[in-house]
2 protein chains.
Amino acid sequence: MENNEPNLDAVFHALADPTRRAVLQALVKGEATVSDLAAPHDMGLPAFMKHLSVLEAAGLVKSDKVGRVRTCALDPATMIATERWFEEQRAFWQGRYAQLDDLVAALQGEKK
Amino acid sequence: MENNEPNLDAVFHALADPTRRAVLQALVKGEATVSDLAAPHDMGLPAFMKHLSVLEAAGLVKSDKVGRVRTCALDPATMIATERWFEEQRAFWQGRYAQLDDLVAALQGEKK
DNA sequence: CGGATACTTCACCACATGGAGAACAATGAA
DNA sequence: TTCATTGTTCTCCATGTGGTGAAGTATCCG
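Keep in mind the model is a prediction, meaning the values are calculated, not measured. (Residues numbered from 1 in each chain as written. Chains lettered and ligands numbered in written order. Predicted model: local features only at pLDDT ≥ 70, side-chain atom pairs only at ≥ 80, totals over all residues. Heavy atoms only, no water.)

**Here we look at the overall build of chain A**
On a plain count of helices and strands, chain A comes out with six helices and three strands. Each of the 112 residues in chain A was classed as buried or not, and the buried ones make up 46%. For chain A, contacts bridging at least 24 residues in sequence account for 52% of all contacts bridging at least 6. Total accessible area computed for chain A in this model is approximately 6,200 Å², and 50% of it derives from carbon and sulfur atoms. (Helix = DSSP H or I, 4+ residues; strand = E, 2+ residues; numbered from the N terminus. Buried < 20%, exposed > 50% of the residue type's maximum accessible area, 1.4 Å probe, protein only. Contact = heavy atoms within 4.5 Å. Areas by Shrake-Rupley, 256 points an atom, 1.4 Å probe, with all protein chains shown as cover.)

Right, here's the structure in full:
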């Protein structure tokens, strides 16, 4: 395993913006070019490029430029690794907060 | 179930700071006063209060003041609800990224 | 070549954030 | 009452963030 420890500062900062979360969800459907990703968002390309840079710096997205087109794709490893942070936190809580098991169960049920 | 949908902007912004994550981890060990929480951090109380406010606005921490002492505690529901966002994202990826199952398995194994 | 396409960089601006210090409650103890 | 403790509020400042528009670069098309 490579050292895939996520930079939590960078990852959470990247996720703390609806535009950037929307980009991640758009990329779930497959790779996309910068212009395609930018189209739904009401801002200029320079501003959008900054969002992409934040995502890429956080390791959530990777991109490759061929010719004049940059194609972006998800880099799921960082997301998975970040999800583990939540699991670790929860491990500490569980058993300490009596009503937490019920709460988890309720949310899991709602999920179905 | 109450409407416990977390404000992802606020939650992720709150988590995108090492001081604030440290406060959450300190609170895992139990309730604590503002001064106790602030002690390990090299900054004045006013600055620290802002961090607490961010955590409380995000719904990650709740606090109660009795006398002149404010006691803070975790509010785990928001964390649990946010963890679900990751689960939802992963649900979309799974099956789409061929190598993802292996990746998840490797990380889960490392966790043990 | 000439022009359209797809970024990319640049200079700039408004506002939010994270910190400082000083002054101000409000409570508890002597 | 006097004083220390525990926040809290205030004003200020440096920096970061998210946006703009204009100009630049590199590629593809005809």
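**Let's talk about the protein's contact with DNA strand D**
Every one of the 20 residues lining DNA strand D counts as a neighbour, but K50(A), H51(A), S35(B), M49(B) and R68(B) are closest to it. Expressed as a percentage, the sugar and phosphate content of the atoms of DNA strand D within 4 Å of the protein is 67%. The separation between a phosphate oxygen of DNA strand D and a polar side-chain atom of R20(A) is 3.3 Å. Elements with a minimum of two residues in the surface near DNA strand D: α4 (45-57) of chain A together with α3 (34-38), α4 (45-57) and β3 (69-74) of chain B. Among the elements that make up the surface near DNA strand D, the one with the highest residue count is α4(A) (four residues). (Near = heavy atom within 4 Å. Polar contact = N/O pair within 3.5 Å; in protein donor to acceptor, adjacent residues only side chain to side chain.)

**Here's the deal with the sheet that holds strand β1 (residues 32-33) of chain B**
The antiparallel open sheet is built from three strands, whose spatial order is β1-β3-β2 (chain B). The sheet is open, and its two borders are formed by β1 and β2 (61-66) of chain B, each paired with just one other strand. (Pairing = 2+ DSSP bridges.)

**Let's talk about the protein's contact with DNA strand C**
Neighbouring DNA strand C are 20 residues; S35(A), M49(A), R68(A), K50(B) and H51(B) lie closest to it. Restricting the count to atoms of DNA strand C within 4 Å of the protein gives a sugar and phosphate share of 69%. A distance of 3.0 Å separates a phosphate oxygen of DNA strand C from a polar atom in the side chain of K65(A). Contact distances for DNA strand C include 2.3 Å between a phosphate oxygen and a side-chain N or O atom of H51(B). Contributions of two or more residues to the surface near DNA strand C are made by α3 (34-38), α4 and β3 (69-74) of chain A together with α4 of chain B. Here the surface near DNA strand C takes four residues from α4(B), the largest share from any one element. Its residues placed into classes, the surface near DNA strand C shows eight nonpolar, five polar and seven charged. (Nonpolar A, V, L, I, M, F, W, Y, C, P; charged D, E, K, R; others polar.)

**A closer look at helix α5 (residues 76-93) of chain B**
With 18 residues, α5(B) extends 26 Å from end C-alpha to end C-alpha; this agrees with the ideal 26 Å at 1.5 Å per step. Burial of α5(B) is extensive: 15 of the 18 residues sit out of reach of the surface. (Expected span 1.5 Å × (residues − 1).)

**Describing the pairing of strand β2 (residues 61-66) of chain A**
Residue and element names in this part refer to chain A. Pairing between β2 and β3: six bridges, direction antiparallel. Bridging across to β3, K65 finds its partner in R70. Here β2 folds back onto β3, and the loop between the two strands holds two residues, one of which, G67, carries a positive phi near 65°.

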